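Chain by chain, the residues run as shown.
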Amino acid sequence: MHCPKCKGFMVSERFTDFSLVFYAWRCINCGTIIDTTILQNKKRPLIMIGDLCALKV
Ligand SMILES: [Zn+2]
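This is a predicted model, so every value here is computed, not measured.

A. Fine view of the coordination of the zinc ion. Donor atoms from the polypeptide that bind the zinc ion are Cys3 (SG), Cys6 (SG), Cys27 (SG) and Cys30 (SG), placed at 2.3 to 2.4 Å. Of note is the zinc ion, whose four donor atoms meet at the metal with angles of 100 to 116° in an arrangement that counts as tetrahedral. Written as a sequence motif, the donor arrangement for the zinc ion is C-x2-C-x20-C-x2-C. You can call Cys30 partly exposed: its relative accessible area is 38%.

This is how it looks when you write it as structure tokens:
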């Protein structure tokens, strides 16, 4: 897998967020982290609510 930002090499890494443990891809070149939640959110369209921009549910 290659980084979408710099095309660098990405490695699978284990992360912890309090009690949550998850695996994500981290670019060894620029440090960009991509996990499944980030990828899913990027696929969801943005909608405008007044002056605010939000992810469509
Ligand atoms: Zn990168």
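B. Examining the environment of Ala54 more closely. Residue position: Ala54 is located in strand β5 (residues 52–55). Note on Ala54: relative accessible area 24%, which makes it partly exposed. Along the backbone, Ala54 and Arg44 are 10 residues apart, and their C-alpha atoms lie at a distance of 9.9 Å. Excluding residues that lie within four positions of it along the chain, Ala54 makes contacts with Pro45, Leu46, Ile47 and Ile49.

Calculation criteria
- Residues numbered from 1 in each chain as written.
- Predicted model: local features only at pLDDT ≥ 70, side-chain atom pairs only at ≥ 80, totals over all residues.
- Heavy atoms only, no water.
- Donors = N, O, S within 2.8 Å, 3.2 Å for Na, K, Ca; no water.
- Tetrahedral: all angles 85-135°; square planar, octahedral: opposite > 155°, others 65-115°.
- Buried < 20%, exposed > 50% of the residue type's maximum accessible area, 1.4 Å probe, protein only.
- Helix = DSSP H or I, 4+ residues; strand = E, 2+ residues; numbered from the N terminus.
- Contact = heavy atoms within 4.5 Å.

Distances and angles like these do not, on their own, reveal function.
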